Structures are given as structure tokens and as C-alpha cells.
Amino acid sequence: MVTGAAKGIGRAICEVFLKNGAKVVGLDISEPAEPLSGDIVYLKLDVSSTGDCEQVYGEIVTRLERIDILVNCAGITVDAMTKKMTEEQFDRVVAVNLKGTWNLTRLVGPAMQQQKSGSIINISSVVGVFGNVGQSNYAATKAGVVGMTKSWAKEFSMKGGNVRVNAIAPGYTMTDMMKTVPPDILEKIKGTTMLGRLAEPSEIANAVLFLASDLSTYVTGELINVNGGMRL
Ligand SMILES: NC(=O)c1ccc[n+]([C@@H]2O[C@H](COP(=O)([O-])OP(=O)(O)OC[C@H]3O[C@@H](n4cnc5c(N)ncnc54)[C@H](O)[C@@H]3O)[C@@H](O)[C@H]2O)c1
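Because the structure is predicted, anything quoted here is derived from the model rather than measured.

Definitions and limits used
- Residues numbered from 1 in each chain as written.
- Predicted model: local features only at pLDDT ≥ 70, side-chain atom pairs only at ≥ 80, totals over all residues.
- Helix = DSSP H or I, 4+ residues; strand = E, 2+ residues; numbered from the N terminus.
- Rg over C-alpha atoms; globule rule 2.2 N^0.38 Å.
- Buried ≥ 20, exposed ≤ 12 C-beta atoms within 10 Å, placed from the backbone.
- Contact = placed C-beta atoms within 7 Å.
- Expected span 1.5 Å × (residues − 1).

Caption draft 1: Local environment of the overall build of the chain. Tallying secondary structure elements over the chain gives seven helices and seven strands in all. Element order for the chain, N to C, with α for helix and β for strand: β-α-β-β-α-β-α-β-α-α-β-α-α-β. Computed over its C-alpha atoms, the radius of gyration of the chain comes to 17 Å, within 12% of the 17 Å expected for a compact globule of 232 residues. Out of the 232 residues in the chain, the part that is buried amounts to 41%. When contacts within the chain are restricted to residue pairs at least 6 apart in sequence, those whose partners lie at least 24 apart make up 70%.

Caption draft 2: Region of the structure containing the environment of Thr3. Turning to its location among the elements, Thr3 is positioned in strand 1 (residues 2-3). The buried category is assigned to Thr3, around which 27 C-beta atoms lie within 10 Å. C-alpha of Thr3 to C-alpha of Leu36: the two residues are 33 residues apart in sequence and 14 Å apart in space.

Caption draft 3: Quick peek at unusual backbone geometry. Positive phi is not limited to glycine here, since Lys116 has a value of about 60°. Of note, Lys116 is situated in the loop between helix 3 (87-115) and strand 5 (118-123). For Lys116, a count of 11 C-beta atoms within 10 Å puts it in the exposed group.

Caption draft 4: Representation of helix 7 (residues 201-212) within the structure. With twelve residues, helix 7 should reach 16 Å at 1.5 Å per residue; the first-to-last C-alpha distance of 16 Å fits that figure. When helix 7 is considered as a whole, its buried residues turn out to be Pro201, Ile204, Ala205, Ala207, Val208, Leu209, Leu211 and Ala212. Contacts from the buried residues of helix 7 go to helix 1 (8-19), strand 4 (69-72), strand 5, strand 6 (163-170) and strand 7 (223-226).

Next up, the structure:
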């Protein structure tokens, strides 16, 4: 199960999963402009709605025998300087990025614990690690995702649960989310990385693949930075 599957990093994750033989359920509030082909089913879902998550999860478990991997990738930015940020702007980002991650994990995590296997990967952000001007709401949610990740790694491994829960903090990545960032700021951002460039979505997806796969069977409760060596 991959949320935010319609485009950007979520789409790249679906692509790499398909290439590696997974049966993928892509979840998104929007339809993909160009659906991927292969063993993938797209379902419409607003991850911020607890009721909708329960309903869609119910549909998925009737269709599939088991869920082995959950990637919480859906996310939004609604940027504003703190003194200008409205309550709605704060609440919407919390609802999608933070509660949206909790909404599906509270259903999938216990089921994985019962089947005694599973891997959950949450997409945090470089902004959750370093903070950023005009993104206090977003930074709070992405740091919060790390806290939930570490809590779930403990919770879902109890009683032999054997569920691994990790987070990835991508650096700035070439997706639509970056379209609102002015070119001069993008150049500055590139200068803060050792590699001198932004990430391709596939480079984030490859790290997700590692955490989803049996190459990482002893990795849990971790935050992996995939940011080209960013130093702020
Ligand atoms: N692009 C970056 O530089 C960057 C850096 C660090 C972290 N991230 C994180 O990576 C994730 C993916 O970002 P992206 O750059 O691919 O963004 P994107 O805007 O290209 O894609 C986000 C996807 O999430 C979906 N989505 C939004 N709200 C939703 C909701 N309520 N329910 C279900 N789906 C919803 C959108 O429809 C879209 O398909 C996000 O969590 C983002 O915060 C991105």
C-alpha cells in the first residue's frame, strides 16, 4: 500500500515496487494523470479522513490476503510565515501529513503485528530535521512523523510482532511540490548539498525499497536521511 501514489515520490515508489515484483495498491486523493501499468490498483482516498481510511482499508483486506508493506507518502505544504499563518493552514497540514499517517497505520500496523511480519515506511522530510522559514506547520508534522515512527517500531514489535517501522527524510526532490519554490532559492538549496543538486524521485524510492525489502531485516525505528549530504 502506497499513499500519495498519483505523482512525485509516491509514484516513483510504486514504480520501483512494481519492477521488483510487488502487487501494489496506490492510494491518492487525486487520480494519476498517467496511471502506471502492471500489478497495480489505484483507489481514491483522502488520508486525512479517518472514516474513509477505515472504509478503504476494509475494501483492501477483502481483496488481498495480506499486506506486507505500507508506505505513508501522501503529504502537502501550505506555507506561511508564522505570524501570518491561519488556523486553517496549520490544521490542514497536520490533518494530511500527521493524522493521515496515523489513520492508516493504526489499522495496518496491528494486522501486521498479528501476522508477525511487515514493514512500514513513513516519509518525513529534511524540513522536519532542520526546520525551515515559512514552514513551521510542515516541519511540525514531519518531525511528528519521526516520533510516531519510533513509537510504532516499539509498539508493533511487541509480543513477537516483528513489524519494522522506519522513516525516510528526503532532501529537496524534483516533484511538483518544488514548483512553488523560486529558481534562486532552488540554486541556494543545491549549494547546501554535498552533491550540488536536487534528488530525483527514484533516488528516494530506492531507499524506500531497501526498507521494504529483506535487505533491511535488522533495521527498525530509524530515520534515514536521503538528502545529498545537506548541511544547514
Ligand atoms: N519534493 C520534496 O522536495 C520533498 C522533500 C521532503 C519530503 N517530501 C515528502 O514526500 C512526500 C511526497 O511529496 P512529493 O514531492 O512527491 O509531492 P507531490 O505534490 O508531487 O505528490 C503528493 C501526492 O500526495 C497526494 N495527496 C495530497 N493530499 C492527499 C490526501 N489528503 N490524501 C491522499 N493523497 C494526498 C497528492 O494528490 C499527490 O499525488 C510528501 O509527504 C512530502 O512532504 C517531499
